[in-house]
Amino acid sequence: MAGGLEVEKPSVEEQVRKLKLSGHVGFDSLPDQLVSKSVQNGFVFNIMCIGETGLGKSTLMDSLFNTNFESSPSPHSLPNVKLKAHTYELQESHVRLKLTIVDTVGYGDQINKEDSFKSVVDYIDNQFENFLQEELKIKRALTSYNDNRIHVCLYFICPTGHGLKSIDLVCMKKLDQKVNIIPIIAKADTISKAELQKFKVKIVEELKNNDVNIYEFPIDDESVSEVNSTMNTHIPFAVVGSTDFMRVGNKMVRARQYPWGTVQVENESHCDFVKLREMLIRTNMEDMREKTHCLHYELYRKRRLEQMGFSDVDADNKPVSFQQTFEAKRTNHLQELQQKEDEMRQMFVVRVKEKEAELKDAEKELHLKFDKLKKDHQDEKKKIDEQRKKMEDDIIEFNRRKSQHSQMTSNSHHTLTLGIGKYLHFSKE
């Protein structure tokens, strides 16, 4: 350096120019703007209820949203599992919610339960596929698109107290990469508290031993980390649903009346209904929607695009854009079409030549048949001519003989007449 002096370079932090606001700008209102926009557009939430017939799925939905959804009793004689989706427009304090409840009618009623989960998996995949097709359109309408992707699956477990059934483990394993699963012990008032606690522990152990991933409430948000951590220990929730109201003290509560007492649905000492409602609706609904889109749908989208031949890297593991992959696939597709067209053209030419050869052979065969028929005809005609000539000769010979015979007969008759005449003359004398 000139003069032997060294100039110190400023650090990166010193290079960043920091400015302080001299007055109010207003971007602190962005959260309020988002809230206003979200309230204006409304929210969408889709719930799937899986469980055997008669476990109280419809009753629990009525209890969760404090309303009466349309439902009809399901028979136990259905040959296959059917999924019925009902959509409702709910409103609470100027907030609109488009709620879709999907019920699995006839689940677990078949003698052969191997394919009971297939209809459920196909339904979830179909909703992902419909959303993917909308995304891949040139002119998309995602803001007005009727999003039917399942955000949470409430899996109803029969309160046997003996652990999970095989159908439960198989179905949840098939779904754990496609949807947020929350296991629920249905009709928890049918077993005692001690048995219920052992049942919960056994269910959690079986889920872990079979590598079934269920939805865990997020603990990364400080505002809800404590309550979510506590609620994660209560899974599976033991719930009781009821559409009947009874007076307890000075207020009307949802409850079920038994000869031995009353079970209050919203009493946390009786069941986990309030915990489920708080976690499902009040605290973690948006996290389930986000996880559905960012995790489960992204996984499905990744697999489908890979099946279509798209990738983020090329054969040399270098980044490649979607457009480059599309152009390459389009070029390959056009080349394949051209190749198929050439093959079909060549095949057409070969078939035409084969057909021409067949026609020539047929024509040659026809000519041979014609020549044979012509020769046979000539031979037949010659034979007939000979027969006709012979017949004419026979007729001439016959006529000649006939004339000779007539002449001889005439001569004989004349001679006989003369003889008779002479005899008569001599007799007179």
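Further up the page is the structure itself.
Residues numbered from 1 in each chain as written. Predicted model: local features only at pLDDT ≥ 70, side-chain atom pairs only at ≥ 80, totals over all residues. Heavy atoms only, no water.

1. A closer look at helix α6 (residues 193-209)
(1) Moving on: In a regular helix each residue adds 1.5 Å, so 17 residues correspond to 24 Å; α6 covers 24 Å between its end C-alpha atoms and thus fits that length.
(2) Moving on: Among the residues of α6, those classed as buried are Leu196, Phe199, Lys200, Ile203, Glu206 and Leu207. One side of α6 holds all its buried residues, which, seen down the axis, span an arc of 135 degrees. Turned more than 90 degrees off the buried face of α6, the exposed positions are Ala194, Lys198, Lys208 and Asn209.
(3) Moving on: Elements in contact with the buried residues of α6: β4 (152-157), α5 (166-175), β5 (181-185) and β6 (237-238).
(4) Moving on: Just downstream of α6, Asp211 is the residue with a positive phi angle, here 55 degrees. (Helix = DSSP H or I, 4+ residues; strand = E, 2+ residues; numbered from the N terminus. Expected span 1.5 Å × (residues − 1). Buried < 20%, exposed > 50% of the residue type's maximum accessible area, 1.4 Å probe, protein only. Arc of directions from axis to C-beta. Contact = heavy atoms within 4.5 Å.)

2. Some details on the sheet that holds strand β7 (residues 245-248)
(1) Moving on: Ordered by their spatial adjacency, three strands build an open sheet running β7-β8-β9, and the pairing between neighbours is antiparallel. Each end of this open sheet is capped by a strand with a single partner; those strands are β7 and β9 (261-264). The mean inter-strand angle of the sheet, taken between neighbouring strand axes irrespective of direction, is 65 degrees.
(2) Moving on: Inspection of the sheet shows strand β8 (residues 251-258) paired to β9 by four bridges, in the antiparallel sense. For Arg256, the partnering residue across the bridge sits in β9 and is Val263. (Pairing = 2+ DSSP bridges. Axes fitted to C-alpha atoms, helices over the stretch in contact; angles between N-to-C directions.)

3. Some points on the packing of helix α3 (residues 57-65) against helix α8 (residues 273-283)
(1) Moving on: Relative to each other, α3 and α8 sit at 70 degrees, their axes nearing to 10 Å. Relative to α8, α3 is oriented roughly perpendicular. Considering only the axes of α3 and α8, their crossing is right-handed. Within the contact between the two elements, α3 uses Leu60, Ser63, Leu64 and Phe65 and α8 uses Phe273, Leu276, Arg277, Leu280 and Ile281.
(2) Moving on: The residue makeup of the contact of α3 with α8, split by class, is seven nonpolar, one polar and one charged. (Parallel < 35°, antiparallel > 145°, perpendicular 65-115°, else oblique. Left-handed = near helix turned anticlockwise from the far one by under 90°. Nonpolar A, V, L, I, M, F, W, Y, C, P; charged D, E, K, R; others polar.)

4. Things to note about the nonpolar core
(1) Moving on: Formed by 72 residues in total, the largest nonpolar core has its most connected members in Ile47, Leu154, Ile182 and Leu280.
(2) Moving on: When residues in this core are grouped by element, the largest group, seven residues, is from helix α4 (residues 118-135).
(3) Moving on: With residues near it in sequence (within four places) discarded, Leu280 still touches Phe45, Ile47, Leu64, Val152, Leu154, Ile182, Met285 and Met288. (Core = buried A, V, L, I, M, F, W, Y, C linked by side-chain atoms within 4.5 Å.)

5. Some remarks on unusual backbone geometry
(1) Moving on: The linkage connecting Ile235 with the following residue, Pro236, adopts the cis geometry, with an omega of 0 degrees.
(2) Moving on: Its place among the elements puts Pro236 in the loop between α7 (225-232) and β6.
(3) Moving on: The backbone of Ser93 sits at a positive phi, close to 55 degrees, despite the residue not being glycine.
(4) Moving on: When you line up the elements, Ser93 lands in the loop between β2 (82-92) and β3 (95-105).
(5) Moving on: Judged by its relative accessible area of 64%, Ser93 falls in the exposed class.

6. Notes on the sheet that holds β4
(1) Moving on: Taken together, six strands build an open sheet; the order of strands is β2-β3-β1-β4-β5-β6 and the sheet is mixed. At either end of the open sheet lies a strand with only one pairing partner, and these are β2 and β6.
(2) Moving on: Pairing analysis gives five bridges linking β4 to β5, with the strands arranged parallel. The partner of Phe156 across the bridge, within β5, is Ile184.

7. With respect to helix α9 (residues 285-308)
(1) Moving on: For α9, spanning 24 residues, the distance from its first C-alpha to its last is 33 Å, which sits close to the expected 34 Å at 1.5 Å a residue.
(2) Moving on: Residue Tyr297 marks the point of greatest curvature in α9, where the axis turns by about 35 degrees.
(3) Moving on: Of the positions making up α9, those classed as buried are Met285, Met288, Thr292, His296, Tyr297, Tyr300, Arg304 and Leu305.
(4) Moving on: Count one or two residues on from α9 and you reach Gly309, which has phi positive near 100 degrees. (Bend = angle between axes of the 7 residues up to and from the residue.)

8. Points about the environment of Val212
(1) Moving on: Counting through the fold element by element, Val212 comes out in the loop between α6 and α7.
(2) Moving on: Given a relative accessible area of 8%, Val212 falls into the buried group.
(3) Moving on: Setting aside residues up to four positions removed in sequence, Val212 forms contacts with Leu169, Met172, Lys173, Asp176 and Leu207.

9. Some thoughts on the pairing of β4
(1) Moving on: A large share of β4 lies buried, amounting to six of its six residues.
(2) Moving on: Burial along β4 is two-sided: the face carrying Val152, Leu154 and Phe156 and the face carrying Cys153, Tyr155 and Ile157 are both buried.
(3) Moving on: Sheet analysis places strand β1 (residues 43-50) next to β4, joined by four bridges and oriented parallel. By the bridge assignment, Met48 is partnered in β4 with Cys153.
(4) Moving on: Handedness of the crossover is the feature at issue here: the chain leaves β4, passes through α5, returns alongside β5, and the resulting connection is right-handed. (Right-handed = clockwise from strand over helix to strand, strands pointing away.)

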